[in-house]
Amino acid sequence: MAKTVSILNQKGGVGKTTTAVNLAAAIGARGKKVLLADIDPQGNSTSGFGVNKREIKISSYEILIGEAKASEAVIHTEFEGVDLIPANMNLAGAELEIIDMKKRESILKKALAEVWENYDYIFLDCPPSLGLITLNALTASDTFLVPIQCEYYALEGLSQLMSTARKIKQMYNPYLDIEGVLLTMYDGRLNLTQQVVTEVKRFFPKKVYSTTIPRNVRLSEAPSFGQPVIYFDKNSKGALAYTALCDEFLSQQK
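Keep in mind that what you see is a predicted model, and the values were worked out from it rather than measured.

## What to know about the nonpolar core
One finds I85, L112, L124, F144 and F204 to be the most contacted residues of the largest nonpolar core, which totals 52 residues. Ranked by residue count, the leading element in this core is helix α7 (residues 132-140), at six residues. Those residues in contact with L112 that sit more than four places away from it in its chain are L35, I85, I122, L124 and A140. Formed by 34 residues, the second largest nonpolar core is a distinct cluster that contains V21, L219, C246 and F249.

## Some details on the pairing of strand β6 (residues 143-149)
Extensive coverage of β6 is indicated by the burial of seven of its seven residues. Of the two faces of β6, the one holding T143, L145, P147 and Q149 and the one holding F144, V146 and I148 are both buried throughout. Across seven bridges, β6 lies against strand β7 (residues 177-186) in parallel orientation. Residue pairing in the sheet places T143 in a bridge with D177 of β7. Once the chain exits β6 it traverses helix α8 (residues 158-171) before rejoining the sheet at β7, and the crossover so formed is right-handed.

## Considerations on the pairing of strand β5 (residues 121-125)
Across the five residues of β5, five count as buried, placing the element largely inside the fold. Every second residue of β5 is oriented toward a common face, with Y121, F123 and D125 on one face and I122 and L124 on the other, all of them buried. Note that strand β1 (residues 3-7) and β5 share five bridges and pair parallel. Residue pairing for β5: V5 is matched across the bridge by F123. In terms of strand pairing, strand β2 (residues 34-38) meets β5 through five bridges, oriented parallel.

## Some words on the state of the cysteines
According to the stated counting rule, one finds zero disulfides in the structure shown. Cysteine C246 is unpaired, with the sulfur of C126 as its nearest cysteine sulfur at 20 Å. Residue classification places C246 among the buried positions, given a relative accessible area of 0%.

## Some remarks on unusual backbone geometry
A positive phi is found at K103, a non-glycine position, where the angle reads about 45 degrees. Of note, K103 is situated in the loop between α5 (94-98) and α6 (107-112).

## Side note on the packing of aromatic side chains
Applying the stated criterion across every chain, the model contains eight aromatic pairs. Site record: aromatic cluster; members linked through ring pairs are F49, F79 and Y231.

Rules behind the numbers
Residues numbered from 1 in each chain as written. Predicted model: local features only at pLDDT ≥ 70, side-chain atom pairs only at ≥ 80, totals over all residues. Heavy atoms only, no water. Core = buried A, V, L, I, M, F, W, Y, C linked by side-chain atoms within 4.5 Å. Buried < 20%, exposed > 50% of the residue type's maximum accessible area, 1.4 Å probe, protein only. Helix = DSSP H or I, 4+ residues; strand = E, 2+ residues; numbered from the N terminus. Contact = heavy atoms within 4.5 Å. Pairing = 2+ DSSP bridges. Right-handed = clockwise from strand over helix to strand, strands pointing away. Disulfide = S-S within 2.5 Å. Phe/Tyr/Trp six-rings, centres within 6.5 Å; stacked < 30°, edge-to-face > 60°.

And the structure:
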């Protein structure tokens with residue numbers, strides 16, 4: 001049965017989708033079967049794998065509102081080992097549509113149960129908010145991975161995220177745990193970066209990945225070509241960093 005990992009941070013622009021796409025691709029390239037479910041209305045993971053959002057017939061929106069099964073939404077990407085449940089802008093209205101449903105927090109968990117046996121890992125690219133969709137993701141997940149930007153406001157809102165995770169653990173998902181914290185947009189030459197690293201390690205003892213993700217032009221360019229960076233430029237700093245993260249992630253799995 002697949003291990004399910006939410007990738008989330010309610011602060012936007014921290015490398016959440018970049019991590020979802022590139023970690024999924026790197027693990028797929030290691031011979032594992034991976035499903036990436038895009039549950040962010042912006043649909044950037046979808047376009048990051050070269051899928052045209054305008055051509056999607058069944059998306060995560062239809063799954064959440066109960067109009068389709070997870071298996072009906074799955075797209076087999078051209079990248080080794082990776083399947084995708086795509087998203088488009090319809091998802092933006094999903095929270096209003098499910099707010100009055102029974103067991104609204106478990107809709108995604110129930111839907112993904114149908115495909116659990118098909119994969120080694122399921123990653124959920126969450127929206128940059130702590131609304132009903134993120135609640136569904138954390139209820140469905142074994143763990144959650146938090147990308148944190150090495151910037152001044154890095155820890156802003158993280159206490160709220162952890163408080164939300166604790167409540168979900170108490171009320172809906174007693175097995176939920178933090179997978180790890182990933183430092184993104186890392187520049188070791190800056191004093192500010194070192195200050196952020198120290199603060200993050202104090203906030204999350206023993207949970208911060210030793211791998212860091214640097215600022216990298218090729219990493220920024222890859223999504224516009226619809227490719228994970230390990231396929232776009234496998235020798236770039238961004239590709240090497242996500243390959244190292246993949247190996248560190250896999251080495252920690254029991």
